[in-house]
Amino acid sequence: MNRKLSDRLHSFPKDYQLNEETKILIETALQEEINNKGKKKKRQGFKVFLKKLTVPVAGVAVLALASLLFVATDSFNLFHVSNQPDDSMSATGGQQELVKVHEELEELSTIWANALKLRDGKPRYQMLSETAKEKFIQEQVISSGENGNYTIGVSSPWVVDFDIEVEGMNANIIYTTQTSEPAYYHTKETITFIKENDKLVVKDFQLIYEDRLYNKNFKSSISFPAFPIPTEAERIESSEDGQETFLYNVLGTNGGIQEEYNVMIESWGWQLKEELQRDNYYVFEKEGQYIEMTIQSSNEEDFFTIKKYENK
Amino acid sequence: MDDKQEITEWFHDYSDDILNFLIYYTGRVDVEDLVQEVYIRAFRRIHTFNRLSRPKTWLFTIARNIAIDEMRKEKKEKDKQQKFAHYQVHHEIKSPEDIYRLTETNKEIYQTIQTLKQSYRDVLILKGIKEMSSKETAEILNWSENKVRVTYNRGLKALENRIGGLSDES
């Protein structure tokens with residue numbers, strides 16, 4: 001009977017279609033969303049950049065005058081783009097220049113990041129300051145010997161993507177790397193620019209962290225950024241003390257937390273306090289911080305809550 | 001292929017599939033706005049899409065979440081409106097049964113599915129009506145394939161009990 005009923009369900013019609021007019025309307029809405037996202041991203045990037053430079057820009061006028069009497073600094077040179085000090089005080093001229101610099105920094109950072117993707121250090125070398133060139137050569141010798149031939153990076157994990165955020169004269173780059181397993185990792189690098197001989201160059205480059213296990217199925221909790229949450233989990237409630245409730249079934253087939261989620265929690269540095277666990281209640285600890293997780297599952301709805309664990 | 005091209009391609013490939021799913025799942029015919037919401041939400045979250053899974057099942061997961069949200073909202077709205085029911089002018093609204101021209105037996109089956117608990121409705125619509133494989137259904141519901149198979153069989157059983165067997169009508 002089940003088979004017959006199942007076949008009957010399969011035979012239900014499902015050929016209803018969106019009419020052309022509706023399709024066009026949805027596509028237009030989607031296109032608007034795409035355009036808005038692009039604009040928003042650019043605006044946000046520039047907003048952060050301006051914010052970082054609010055004090056330097058305000059100080060430019062003073063510095064410009066002072067520079068006539070004292071030795072100019074590298075960072076001053078960047079803003080002192082014209083021979084006329086008054087130009088740097090003009091709002092429009094100043095903003096236009098900032099936009100130009102911001103765009104140039106984004107462009108240079110992209111070349112920098114792409115060089116790692118291609119494992120070709122030549123473009124990087126060309127944009128380094130004199131002192132940074134020495135650092136680059138030293139690193140080449142350490143990683144590849146005297147005849148490094150500008151090869152950078154490693155064969156695995158390899159760079160599959162990168163995100164760049166320019167903040168003031170710094171660019172933060174997060175590389176997504178992959179191994180053949182496949183497993184994904186994040187590596188963060190910060191590069192600092194200065195203006196040397198009227199040209200933007202990389203003054204320094206620092207590795208912030210390397211090869212952190214990464215999985216697109218997880219994101220940071222808002223209240224506890226160091227704690228992972230499944231990306232698809234919908235946050236339905238939050239309170240001032242940081243408690244967050246998510247609509248999502250985190251239970252795995254064995255009744256405990258899903259294996260993938262468990263691995264991710266552990267790889268983010270959290271350890272299960274086994275002595276405190278009971279049924280669907282878990283406590284995790286990381287560097288003295290405690291978080292408790294309560295899982296509720298019923299036929300109608302599955303959700304879980306995380307909050308700061310208070311030693312009761 | 002960049003995000004924009006990808007989402008546009010997915011729209012062409014799966015929008016009708018998602019439309020049919022949403023109609024059966026919500027029991028409403030006017031779900032075009034929900035289809036739009038699925039794609040806008042998908043585009044906003046495209047960076048979270050795991051390239052190892054299939055776009056179709058990912059879109060269905062989003063569609064199901066949106067449908068559940070919508071049904072919750074609708075329920076609240078209905079409860080509110082019931083208080084003022086005598087002021088309302090009732091319009092005849094088309095149902096999935098009308099647009100698909102379901103036979104009497106299929107109408108009964110579909111209406112009965114709508115009365116079952118959510119987990120049964122999920123699998124009967126996805127695996128049954130939408131003919132998704134157990135693997136696809138498992139991906140959408142974030143269950144194991146085994147749970148899908150077991151719940152599907154239980155759902156069929158529950159459905160059979162409620163309707164009391166199939167007539168010979170084809």
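Structure: above.
Notes on the structure in this doc start here. (Residues numbered from 1 in each chain as written. Chains lettered and ligands numbered in written order. Predicted model: local features only at pLDDT ≥ 70, side-chain atom pairs only at ≥ 80, totals over all residues.)

Focus: the overall build of chain B
Line of reasoning, step 1. Along the backbone of chain B there are eight helices and zero strands.
Line of reasoning, step 2. Traced from its N-terminal end to its C-terminal end, chain B shows the element sequence α-α-α-α-α-α-α-α.
Line of reasoning, step 3. The proportion of buried residues among the 170 residues of chain B is 36%.
Line of reasoning, step 4. Considering only intrachain contacts with a sequence separation of at least 6, the fraction spanning at least 24 residues in chain B is 65%. (Helix = DSSP H or I, 4+ residues; strand = E, 2+ residues; numbered from the N terminus. Buried ≥ 20, exposed ≤ 12 C-beta atoms within 10 Å, placed from the backbone. Contact = placed C-beta atoms within 7 Å.)

A closer look at helix α6 (residues 118-129) of chain B
Residues and elements named next belong to chain B.
Line of reasoning, step 1. Most of α6 is tucked away, with 10 of its 12 residues classed as buried.
Line of reasoning, step 2. Taken together, the buried positions of α6 are occupied by S119, Y120, D122, V123, L124, I125, L126, K127, G128 and I129.
Line of reasoning, step 3. At the exit of α6 stands E131, carrying a positive phi of roughly 55 degrees.

Topic: the sheet that holds strand β2 (residues 170-178) of chain A
All names here are of chain A.
Line of reasoning, step 1. With antiparallel pairing, the four strands of this open sheet are ordered in space as β1-β2-β3-β4. Two strands in the sheet have a free side with no partner beyond their single neighbour: β1 (158-167) and β4 (199-214). Sheet twist, expressed as the average angle between the axes of neighbouring strands with direction ignored, equals 20 degrees.
Line of reasoning, step 2. Bridging between β1 and β2 involves nine bridges; their strand directions are antiparallel. If you follow E167 over to β2, its bridge partner there is N170. (Pairing = 2+ DSSP bridges. Axes fitted to C-alpha atoms, helices over the stretch in contact; angles between N-to-C directions.)

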